[in-house]
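# Geometric and topological summary
Each chain, written out:
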Amino acid sequence: ASHRAGFKATGINEHLDSLVGLEERRIPLLGNLQRFRDQGETLCNIAEQLGFVGKLQESTKSFERARRVAEAHGFFSVECRSCLGLGKSAMLEGRADEGVEMLRHAMTAAPLSEENENNMELNVFPAFTNALFLTHAIDEVEPLVARYRELAQALSKRQGHLSWEEVTSCYYFAQLHEERGRPHEAGGEVRALLDLLRDNEGALEGILGNCRGMLEEASSRLMILDPELGDEELIQSVAAQLVKLQVLMRQP
């Protein structure tokens, strides 16, 4: 089994190297054609592909190149993507101050994106908010969480069904309330989250795994769901929902 896994990983890396090589050849050509936005987006694509297989240093270099293109030619979508990638990398490597600053740049650029339906903001929000929670910058979190819920609910309305983002907005609010010392409000957000999942059970097909992972994370992080200190009824409700999600995931 380990040999098969090794061969599979080798195959993925070889395919990635080939793909990145092809993309790299486009970079100078796009510059010569003055298609600078496409050039920046291609560099971001390369960086994301490299990051996916754990080549963080190479990924960071590609994001840095993309950011230079964005700064030189004023493309906010590329600025947002490159700063998001650089911020995530910095957080992973333990450079929290740098990571938060890069993610703040990404959040600032997001609503100015050239093709924006607020999706860029929704993409940046989880990484930025988690970084702010990690560094205890709670004053900065509060307006962001409210904005995220507004955008997430609008996305659900556009899609015609519950969005993953609307579900996670409840979790972010629960975290915020606990940080502010408001356990009752935190519990209300967890209940609202469970209600969303129950009321939209038929629309969860594409996000079942995400919902299960988020509830497991909430159970391990929220004090109100702590087995010794939390709300016993709420803990049981979350446990029951986790079982239901697991059953749904097994259905064909």
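These numbers were taken from a predicted model, which means no experiment stands behind them.

All right, on to the packing of aromatic side chains then. All told, the structure shown has four aromatic pairs when counted by the stated rule. Taking 5.1 Å as the distance between ring centres and 75 degrees as the angle between the ring planes, the aromatic pair formed by F125 and Y172 counts as edge-to-face. One end of the pair, F125, is in helix 6 (residues 119–134); the other, Y172, is in helix 8 (residues 164–179), with 47 residues separating them in the sequence. F125 gets classed as buried once you look at its relative accessible area, which sits at 1%. Under the relative-accessibility criterion, Y172 is labelled buried at 7%. Ring geometry for Y171 against Y172: centres 6.2 Å apart, planes inclined by 25 degrees, an arrangement best described as stacked.

With that out of the way, let us pick up the nonpolar core. Among the nonpolar cores identified, the biggest contains 43 residues, and C80, L103, V124, F128, V145 and L176 are the most heavily contacted of them. Secondary-structure elements contributing two or more residues to this core are helix 1 (2–32), helix 2 (36–52), helix 3 (56–73), helix 4 (76–92), helix 5 (96–109), helix 6, helix 7 (138–159) and helix 8. When residues in this core are grouped by element, the largest group, nine residues, is from helix 6. Ignoring any residue separated from it by four or fewer positions in sequence, one finds C80 in contact with A106, A109, A110, M120 and V124. Judged by nonpolar contacts, the second largest core, of 25 residues, contains V167, A174, V190 and L208.

Turning to the confidence of the model for the chain, a few remarks are in order. Residues at a pLDDT of 70 or more form 92% of the chain, whose mean pLDDT is 90. This stretch, residues 2–9, has a pLDDT under 50; its non-local contacts, to residues over four places away or in other chains, come to zero contacts.

Here we come to the pattern of salt bridges. Going through the model one piece at a time under the given rule, you end up with 23 salt bridges. Measuring nitrogen to oxygen at the nearest pair gives 3.4 Å for the salt bridge that ties R67 to E79. Of the two residues, R67 is situated in helix 3 and E79 in helix 4; the sequence distance between them amounts to 12 residues. The buried category is assigned to R67, whose relative accessible area is 17%. Measuring nitrogen to oxygen at the nearest pair gives 3.7 Å for the salt bridge that ties E201 to K244. Here the residue E201 occupies a position in the loop between helix 9 (183–199) and helix 10 (208–221), and K244 occupies one in helix 11 (residues 232–250), the gap between them amounting to 43 residues. Using a relative accessible area of 34% as the deciding quantity, one classes E201 as partly exposed.

Classification of E79 by relative accessible area gives buried; the value is 14%. Not counting chain neighbours up to four residues away, the residues in contact with E79 comprise R67, A70, E71 and A109.

Here the focus is helix 8. Relative to the 22 Å expected for 16 residues at 1.5 Å per residue, helix 8 spans 23 Å between its end C-alpha atoms, a close match to the ideal helical length. A large share of helix 8 lies buried, amounting to 13 of its 16 residues.

Here the focus is unusual backbone geometry. Note on backbone geometry: most residues besides glycine have negative phi, and most peptide bonds are trans. In this model, Q34 sits at a positive phi of 60 degrees, which is unusual for a non-glycine residue. Note on placement: Q34 falls in the loop between helix 1 and helix 2. Classification of Q34 as exposed rests on a relative accessible area of 61%.

Moving on, we get to the packing of helix 3 against helix 4. Their axes nearest at 8 Å, the elements helix 3 and helix 4 cross at an angle of 150 degrees. Accordingly, the angle class assigned to the pair helix 3 and helix 4 is roughly antiparallel. In terms of crossing hand, the pair formed by helix 3 and helix 4 is left-handed. Residues T60, F63, E64, A66, R67, A70 and E71 of helix 3 pack against V78, E79, R81, S82, C83, G85, L86 and S89 of helix 4.

Let us look at the packing of helix 9 against helix 11. In the contact formed by helix 9 and helix 11, the axes pass within 11 Å of each other and the chain directions differ by 25 degrees. As far as their axial angle goes, helix 11 and helix 9 are roughly parallel. For the pair helix 9 and helix 11, the sense of crossing is left-handed. Contacts between helix 9 and helix 11 involve G187, V190, R191, L194, L197 and R198 from the first element and L234, S237, V238 and Q241 from the second. A breakdown of the residues in the contact of helix 9 with helix 11 according to their chemical character gives five nonpolar, three polar and two charged.

What follows concerns helix 10. For helix 10, built from 14 residues, the straight-helix expectation of 20 Å at 1.5 Å per residue is met to within 8% by its first-to-last C-alpha distance of 20 Å. Among all positions of helix 10, only L208, C211, M214, L215 and A218 are buried. Down the axis, helix 10 shows its buried residues gathered within 130 degrees of arc, on one side only. Contact partners of the buried residues in helix 10: helix 8, helix 9 and helix 11.

Calculation rules
- Residues numbered from 1 in each chain as written.
- Predicted model: local features only at pLDDT ≥ 70, side-chain atom pairs only at ≥ 80, totals over all residues.
- Heavy atoms only, no water.
- Phe/Tyr/Trp six-rings, centres within 6.5 Å; stacked < 30°, edge-to-face > 60°.
- Helix = DSSP H or I, 4+ residues; strand = E, 2+ residues; numbered from the N terminus.
- Buried < 20%, exposed > 50% of the residue type's maximum accessible area, 1.4 Å probe, protein only.
- Core = buried A, V, L, I, M, F, W, Y, C linked by side-chain atoms within 4.5 Å.
- Contact = heavy atoms within 4.5 Å.
- pLDDT = per-residue confidence, 0-100.
- Salt bridge = Lys/Arg side-chain N within 4 Å of Asp/Glu carboxyl O.
- Expected span 1.5 Å × (residues − 1).
- Axes fitted to C-alpha atoms, helices over the stretch in contact; angles between N-to-C directions.
- Parallel < 35°, antiparallel > 145°, perpendicular 65-115°, else oblique.
- Left-handed = near helix turned anticlockwise from the far one by under 90°.
- Nonpolar A, V, L, I, M, F, W, Y, C, P; charged D, E, K, R; others polar.
- Arc of directions from axis to C-beta.

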